[in-house]
Structures are given as structure tokens and as C-alpha cells.
Amino acid sequence: MRFTLWLFLSLFVVLRADDDADLIDLHLLLKQINQINQVIKRYQADPNKRSEISLYSDQKNDLIHTFTLKLLNNQEHIGFNIKDNLKQQKKLKEALFKNSDKDIYTYVLDTLHLKNLELDADMYYFLEKLRTSLDFFSQEKDVKSISTSYLLKLEGYATKTYVAPSNLDDFKQHNFQEVLDNYQIKLKTYTEVLHYIQKHPSQVLSKNVILSINLKWILERISRLITQVFPKANGLQSAKIVLSLVLLVFLLALRQLITALFVKALDYVVRFTRKNVAVQQKIRNSIIAPISTFLFIYSFDVSIDILYYPHPTPPKFAMYLGVVYILLFAWLFIALFKAYGAALLANLASKSNGLRKEVINLILKIAYFFIFVITILWVLKQLGFDISTIIASLGIGGLAVALAVKDVLANFFASVILLLDNSFGQGDWIVCGDVEGTVVEMGLRRTTVRGFDNALFFVPNSELAGKSIRNWNRRKVGRRIKMTIGLTYSSSREALQKCVLGIRTMLEQHPHIAKAGDMDSTSEQRLHDDHHALIMGRQDIVSVNDLMGYKSNLFVYLDSFGDSSINIFIYCFSKTVIWGEWLAVKEDVILKIMKIVEECGLSFAFPSQSIYVESLPKDKSSLS
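All figures in this text were calculated on a predicted structure; none of them were measured in a lab.

## What about the sheet that holds strand S6 (residues 479-487)?
And then number 1: Here we have three strands laid out as an open sheet, ordered S6-S8-S7, and antiparallel in their pairing. In this open sheet, the two strands that pair with only one neighbour each are S6 and strand S7 (555-561). When the angles between neighbouring strand axes are averaged without regard to direction, this sheet yields 20°.
And then number 2: Two strands pair when backbone bridges link them, and S6 and strand S8 (residues 566-574) are joined in this way by nine bridges, in the antiparallel orientation. In the strand pairing of S8, Ile485 is matched with Ile568.
And then number 3: Across the face of the sheet, helix H19 (residues 493-509) comes into contact with S6, S7 and S8 while running at roughly 145° to S7.

The structure is reproduced here in C-alpha cells:
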């Protein structure tokens, strides 16, 4: 009971010490963790005390957390007297060598004492290794690498067993068991500490650059100034509040400058936004919110650390704050992808070659999905879940998931096939089954089409990939004008020949009707450059003009004798493919055809029927 009371008081002094207390060396913290493990082991054997084990376990975890945060602080002494330790090891080894086959009891006890010393030495070398190997630029993998090597060594110690001789009296048996228990508990303590460091390497590294400065010295100077002005004030507590508020305001005031520097640094990497002020402003507006929020949370984090100094912040607070940081980083990455993705699409739209904007859009959507998945896994890991188990369970249930989302997967792969086939793009006028309209966006699962009645169609990509698609926008030059005009049967042969020749000549001379000679070398080179990737290596096996969408056929001929007219067939293509311009050209062609028909003295026929009466009745009275 006295031991328990002494232990509780010592823990209270460590965890709730006054803010201006002296620094505690690391060895003392290890001793206190070891003492808690001794109490826990004793309480595990007592059914009446088992309910208190959770309290001591929480205190032990707090001490381990405190120990971890103090590792890289050079002001915290390690506390092991390594020189005395090595001397004692040397003496014990000599004694063991001399007593190897004489007194078995003494030999076993000396072996356990030697193992205790070796444990302390290994822990000292581990702490010294961390301090000498880690610096400001060190990463979590460096901490894990160092801790793993020493952890394997400690786990090797745990595999060895020590048995007391069978002929010992009760006193020697009790003494041997006590020494063995102390060794095993110390081995457990050191192993737990190394496991914690290996699992939480970020806590070993410097969390805040500001706090890596001599914070105690700064608080003491601020405290002196406060006590000089307000003698009755609690100087250190007031200094914490003042310093935390100053840092909070300072970091928030720097958010515009930090954002500007961040965008400028990105511009050096992504060159296509350097000269576009509008794009830079759009990017700045999109990332100002996540950066401002991050700086606010970070300043709040620093302020809380200062208020808790010299004690660490509660582990749960740090855990949930880590979740907030993860979500903020995900928000920032998504904002960057959206901003630079939009800028990249706009840049590609201004060029005649390069990656299609639909491909970039698909890449961005896939990137959003991966950011979302990685964020969820990272948050679960921060909350303490074993994500390797989660990933393994997903692999086992992959078949069931695939069957459940087979339609989604079919639509996804259909979108990839459509992109590879280059069947259509954003802004194209397409017809597929009952759907006709302008393509708005091609997504991972469906394609959005705006109909000409302003209705919005959401078409699954698998449906588009499995049906024929008519793409009206894949025409560079030439939109068809096809008509048949009927002239009366009273027209003479010479007048009809003159009319056909006049219409043909008019179309050949019309500035907006496509002709074979209109495709000069300049336009041909432009069309070739626009579809260079499409026709590369295929000039000899396909019709390049048809592949690119160039039509210039022109036909004007007498076609047939109709029921009530002699028909002239007219077939040609306007140069423009734009619907409004095509209608204007077609109207002009019709008016000029009417003028030619009038000049030739001909008349347009219309559907009519002639009735011939073979004979009339002779009795006129019968007609009345």
C-alpha cells in the first residue's frame, strides 16, 4: 500500500508539476513506467484490484507519450550512467567466467543482473542513436528503421528463459523470482516504449518548428515583462496566453502572403499558367480557403501546445487534430486539381493538337477518386484502425464487390473505350438511338447530352459503346444540300438543257458551295495538322478526305419523269458545316435556282391530275 501511494504521488508530481519545474531526465520516466508495470502485474493477480488497472494503464500511456515527445530535446538528459554500467558489466562477466561451473544459484543471479545492465545499455544506445541520427529533415521511416533494429534485439531477449536450480531454499527461491520478475518487467517496459515509438514515429520528430526553439526561455522573458507591469499576475500562465494569441494572429495575418508564395512556387513547376493572370487569380481564389483554414488550425494547434507546456497535449486531442489535418490536405489537393485541371483544359482547348480535354477530364475524375480513397484510409489509420486488415478484407470480398458493381465497372470501361476510339468529344452533336443533342460532359459512369429541346439526357457509357453513334461534328468542310425540283411537261428539251447548265454553272461559281479545287495546299496542310495523329500511317489505306470530313461533290442532272413533272436532281455541299450558315447558303441557292428557271421561260410543276371525258350526253336536258 505504501509503495502504491508513493507511486501515485510521484506520478502526480510528474504529470501535474508546476510550469516552472526543472526538466526530468528520460531514465526517470522509464523508471516510473516500469513501476506502473509492476503495479499492473501485482493487481492482475488480485481480483479486488483489477478494476484499477485501467487507471494505471492510462497513466502509463501518458508517460510513454511524454517520454516520446522529449526524446529529441537535448535539454532532457538521458539519465543513464553508461560508464558505470559498462564497468559493472565487465565485473559481472569476469565473475561469471570464474563461477561458470561452481555455484549455479550465484551464476544465474549474476546472469540476470548482467541482462538488466545490458537492457539499460541498449536503451541508452537507442536514445543516443535517435538524437545523433535524426535532424530537421528526418522522416518517419528513419525513426522506424532505428527502432525496428533495437526492437528485434529486445524481442530476442524475450525468447530466452531462466530457471532456478531445484534445490534452493525458500529465501533463495523468492530472491531469484523477484530478480527474474524485475528483469522481465523491465524488458516489457522497454519493449512497449519501442513499440509505441515505432507505431507513432511522427511524435518523435519535431512537431512544430516554433516549439523547437527554446520555448522555456521565451516564456520566461515574457513572464518577466508581465510581472513588471502587473506584479500580482501569474506571469507564466499569462505569458502562455499572450504568446499563443500573438502566434495565432501572426499566422492568420500571413495567410495571404503564404498563399501568394505557394501559387508562385507552383507557377515555376506548372509553366502554362505563368503568363495568364486570370488563371493565376482563379487558382489563388480556389486554394485560399483550404490554406487559410490550415493556418488557422495550425496556429490553434501551436497555441494549445504552448498552453499545455511543459506537458504534452492529450493524445486524443492530437489524434483528432491529425484527422483535421488529413482532411485539410485532401481539400487542398482537390482544389489544386480542380484549378489546374480547368486551366489545363482551357489551355488544350486553345491548341489544335495534344491530349483531348475529355482525357484530361477523365484523369481528373480518377484522381479525385484516388484522393478520396487515400484520405479515408489515412483517416482510419490516424484513428487507430489497421488499414492492412481493411485492404485484405477488400481483397477477399473483391469478387462480391465486383458482382455488385458490375454495371458501374461496365460503364467505366466503356468510357475508356469511347475515349480511345475518339467517337465524340465535348460539344459534339451526336445521335445515338433515341438520344440526339450536344455532348456536355463524359463522366466515369455516364455521358451528359443536352437535347435540342433543352432537355438533359444522362446516357450510360455502356449504352453508347454498344450502339452506333452518328457524329455530325466530324465534318471539317461540306454540309449536304440535296433537292429535287420539278418542271412542267410543257417544257422544251432546249429549255431544260439550258436550265440544268445554268444551275450547274451557278453552283460551281457560288462562293459558299464546296468545290474540289477549293482545297489548296494551305488548307490541306492545316487539315492534315489537325488530324495528324489520326491519319498518321493510314494515308495509303483510307480515304483521307473522308476520314477528315471533307466533301465537295456537285451533281446537277435531269433525273426522272415524275407523275406530274420532269425532275432535276441537285446534289452539292456548302463549305460551312454550321447549321445557321448552312440554312442561309441553302436559301440563297434556292432563290438563284428560281431566277434561272424564270430566265429559261420554264415553270415549276405541282402535283395535278387531268380528267379526260370521252363523250358527253346528246340530250342537253339531262345535264340540267
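Resuming the write-up.
## As for the sheet that holds strand S2 (residues 435-442)
And then number 1: Sheet architecture is open: five strands sit in the order S4-S3-S2-S1-S5, paired in antiparallel fashion. The open sheet has two free edges, formed respectively by strand S4 (456-460) and strand S5 (470-471), since each of these has just one partner strand.
And then number 2: Summarising the sheet, strand S1 (residues 429-432) and S5 pair through two bridges and their orientation is antiparallel. Within S5, the position partnered with Val431 by the bridge is Arg470.

## Points about the packing of H19 against helix H23 (residues 579-599)
And then number 1: Packing of H19 against H23 brings their axes to within 9 Å, and their N-to-C directions diverge by 150°. Taken as axis vectors, H19 and H23 run roughly antiparallel relative to one another. At the point where H19 passes H23, the crossing takes the right-handed sense. Between H19, through Lys498, Cys499, Gly502, Ile503, Met506 and Leu507, and H23, the contact on the second element is made entirely by Val589, Lys592, Ile593, Ile596, Val597 and Glu599.
And then number 2: When the residues that make up the contact of H19 with H23 are grouped by side-chain class, the tally is eight nonpolar, one polar and three charged.

## Details of the pattern of salt bridges
And then number 1: Counted under the stated rule, the structure contains seven salt bridges.
And then number 2: Close ionic contact of Asp122 with Lys153 constitutes a salt bridge, the shortest N to O distance being 3.2 Å. With Asp122 in helix H5 (residues 104-133) and Lys153 in helix H6 (residues 140-158), this pair connects stretches of sequence that are 31 residues apart.
And then number 3: On the basis of relative accessibility, which here comes to 8%, the residue Asp122 falls in the buried class.

## Regarding the confidence of the model for the protein chain
Low pLDDT marks regions whose predicted coordinates should not be analysed in detail.
And then number 1: Scored by pLDDT, the protein chain has a mean of 75; 73% of the residues are at 70 or more.
And then number 2: Segment residues 1-23: pLDDT under 50, and 37 contacts once partners within four positions in sequence are set aside and those in other chains are kept.
And then number 3: In this model, residues 208-213 is a region of pLDDT below 50 whose contacts with residues beyond four sequence positions or in other chains number eleven contacts.

## Side note on unusual backbone geometry
And then number 1: Not every positive phi belongs to a glycine, and Asn454 is a case in point at roughly 75°.
And then number 2: Of note, Asn454 is situated in the loop between strand S3 (446-451) and S4.
And then number 3: Accessibility expressed as a relative area gives 56% for Asn454, which makes it exposed.

## Brief notes about the environment of Pro165
And then number 1: If you trace the backbone, Pro165 turns up in the loop between H6 and helix H7 (170-199).
And then number 2: For Pro165, a relative accessible area of 15% gives the class buried.
And then number 3: Taking the C-alpha atoms as reference, Pro165 lies 7.1 Å from Ile104; in sequence the two are 61 residues apart.

## So, a nonpolar patch on the surface
And then number 1: On the surface, a nonpolar cluster with roughly 390 Å² of combined accessible area is contributed by Phe329, Phe333, Phe337 and Trp378.
And then number 2: Examining the composition of the nonpolar patch, we find that three residues originate from one element, helix H13 (residues 315-349), more than from any other.
And then number 3: Structurally, Phe329 is set in helix H13.
And then number 4: Look at Phe329 and you get partly exposed, because its relative accessible area is 35%.

## A word on the packing of helix H2 (residues 26-44) against H7
And then number 1: Where H2 meets H7, the axes come as close as 9 Å, and the angle between the chain directions of the two elements is 120°. Between H2 and H7, the angle is such that the two are oblique. Two packed elements cross with a definite hand, and for H2 against H7 that hand is right-handed. The residues of H7 that touch H2, namely those facing Leu30, Ile33, Asn34, Asn37, Gln38 and Lys41, are Asp181, Asn182, Gln184, Ile185, Lys186, Lys188, Thr189, Tyr190, Glu192 and Val193.
And then number 2: Partitioning the contact of H2 with H7 into residue classes produces five nonpolar, six polar and five charged.

## Digging into the environment of Leu63
And then number 1: The residue Leu63 is located in helix H3 (residues 53-69) in this model.
And then number 2: Along the primary structure Leu63 and Leu29 are separated by 34 residues, whereas in three dimensions their C-alpha atoms are 6.9 Å apart.

## Observations concerning the nonpolar core
And then number 1: In terms of nonpolar packing, the biggest core is built from 50 residues, with Phe67, Phe126 and Leu127 touching the most fellow members.
And then number 2: Every element with two or more residues in this core is listed here: H2, H3, H5, H6 and H7.
And then number 3: Looking at this core, the element that brings in the most residues is H5, giving eleven residues.
And then number 4: Within the second largest apolar cluster, 25 residues are counted, among which are Met506, Ile566, Val597 and Leu602.

Rules of the game
Residues numbered from 1 in each chain as written. Predicted model: local features only at pLDDT ≥ 70, side-chain atom pairs only at ≥ 80, totals over all residues. Heavy atoms only, no water. Pairing = 2+ DSSP bridges. Helix = DSSP H or I, 4+ residues; strand = E, 2+ residues; numbered from the N terminus. Axes fitted to C-alpha atoms, helices over the stretch in contact; angles between N-to-C directions. Contact = heavy atoms within 4.5 Å. Parallel < 35°, antiparallel > 145°, perpendicular 65-115°, else oblique. Left-handed = near helix turned anticlockwise from the far one by under 90°. Nonpolar A, V, L, I, M, F, W, Y, C, P; charged D, E, K, R; others polar. Salt bridge = Lys/Arg side-chain N within 4 Å of Asp/Glu carboxyl O. Buried < 20%, exposed > 50% of the residue type's maximum accessible area, 1.4 Å probe, protein only. pLDDT = per-residue confidence, 0-100. Patch = residues over 30% accessible without salt bridge, like charges linked within 9 Å, V, L, I, M, F, W, Y side chains within 5 Å. Areas by Shrake-Rupley, 256 points an atom, 1.4 Å probe, with all protein chains shown as cover. Core = buried A, V, L, I, M, F, W, Y, C linked by side-chain atoms within 4.5 Å.

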